[in-house]
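What follows is each chain in one-letter form.
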Amino acid sequence: MFVPQSRLHLGAEAEVTAGTWFGLPAVMKQRRARGWRHPDLDERLGRQRMLAEARILLRLHRSGLPVPALLDADVDEDRLVLEQVDGRPLIDVLRDASVVDVEPFLHAVGQAVRHLHAQAVTHGDLSTNNIMIRDNGGVVLIDFGLASIEYDLERYGIDLHVLDEVLGASHPDREGAMAALEAGYLDSEHAGEVESPGGTVPSAADVLARLSQVRSRVRYHG
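All values reported here derive from a predicted model rather than from experimental measurement.

The rules behind each value
- Residues numbered from 1 in each chain as written.
- Predicted model: local features only at pLDDT ≥ 70, side-chain atom pairs only at ≥ 80, totals over all residues.
- Heavy atoms only, no water.
- Axes fitted to C-alpha atoms, helices over the stretch in contact; angles between N-to-C directions.
- Helix = DSSP H or I, 4+ residues; strand = E, 2+ residues; numbered from the N terminus.
- Parallel < 35°, antiparallel > 145°, perpendicular 65-115°, else oblique.
- Left-handed = near helix turned anticlockwise from the far one by under 90°.
- Contact = heavy atoms within 4.5 Å.
- Pairing = 2+ DSSP bridges.
- Nonpolar A, V, L, I, M, F, W, Y, C, P; charged D, E, K, R; others polar.
- Core = buried A, V, L, I, M, F, W, Y, C linked by side-chain atoms within 4.5 Å.
- Buried < 20%, exposed > 50% of the residue type's maximum accessible area, 1.4 Å probe, protein only.

*Asks:* Tell me about the packing of helix H3 (residues 103-118) against helix H4 (residues 153-170), and name the residues and values.
*Replies:* Interhelical geometry of H3 versus H4 gives an angle of 155° and a closest axis separation of 11 Å. One element, H3, and the other, H4, form an angle in the roughly antiparallel class. Relative to H4, H3 is oriented so that their crossing is right-handed. The segment H3 lies against H4, with Leu106, Val109, Val113, Leu116 and His117 engaging Tyr156, Asp159, Leu160, Leu163 and Leu167.

Right under this line is the structure:
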């Protein structure tokens, strides 16, 4: 059973609580009702989203991508129990003035994101809050509540553009941050097109080219 200890995050979609699961460090993600929706619709959408998140986590875990292990899924109670990841959010690492060289971390993040995309999964909210850096320097992607299975090149480019915007706005002092991340993305062993059930995942080079187009559109309309 899950034994709660402290609240980690209260968001619009879910409440995240730290605790233990049969003695293991864990977090529970409890979906929150959206009052502005009809209750039946809210329940149906919430259940679909939770099941999708659980399936994507299992898909990524089987692929070898470091993501939190899914420990339990209770559809009736609208909650997931996940492994608690050790380490610090990337946002904290980038803000830590004592960490002088962040390029290795960002390169590893780029590799992890390409591994994610190679499984035909887009994250949907790739902020520096949703990327953990373990004590050994390893990267773990977390919070797949908005993730989906995609084969549309645009969605992969937008995934990276979210990170690009966050790095530029929140960490302007870390010069070359996105360049290091892009290098890791391109250097990943999954850099070529990848066949996946349902379609073909675009190559890393094609995704980065689309990212450049997305940047241009944003600057033009801005």
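And the narrative resumes.
*Asks:* Go over the sheet that holds strand S5 (residues 79-83) with me, naming the residues and quoting the values.
*Replies:* Read from one edge to the other, the open sheet built from five strands follows the order S1-S2-S3-S5-S4, with strand pairing classed as antiparallel. In the strand order of this sheet, the two ends are held by strand S1 (2-10) and strand S4 (70-74), each with one partner. Adjacent strand axes in the sheet meet at a mean angle of 25°, parallel and antiparallel pairs treated alike. Where strand S3 (residues 24-31) lies against S5, five bridges are found, and the strand directions are antiparallel. When the bridges of S5 are listed, Val27 appears paired with Leu82.

*Asks:* Mind laying out the packing of H4 against helix H5 (residues 177-187), listing which residues take part and the relevant values?
*Replies:* Packed helix pairs are specified by the crossing angle of their axes together with the interaxial distance, meaning the distance between the axes. For the pair H4 and H5, the least separation of the axes is 9 Å and the interaxial angle reads 155°. Between H4 and H5, the angle falls in the class roughly antiparallel. Considering the relative orientation of H4 and H5, their crossing is right-handed. In this structure, H4 uses Leu160, Leu163, Asp164 and Leu167 to contact H5, whose residues at the interface are Ala177, Met178, Leu181 and Tyr185. Looking at the contact of H4 with H5 residue by residue, the class counts come to seven nonpolar, no polar and one charged.

*Asks:* Got a sec to walk through the nonpolar core? Specific residues and values, please.
*Replies:* Grouped together as the largest cluster of nonpolar side chains are 46 residues, with contacts concentrated most on Leu60, Leu106, Val109, Ile131, Leu141, Phe144 and Leu160. It is H3 that provides the largest number of residues to this core, a total of six residues. Leave out the neighbours within four places in its chain, and Leu60 touches Leu65, Val67, Leu116, Gln119, Val121 and Phe144. Of all hydrophobic cores here, the second largest spans five residues; its members include Phe2, Trp21, Met28 and Val81.

Spatial relationships are all this shows, so hold off on functional conclusions.
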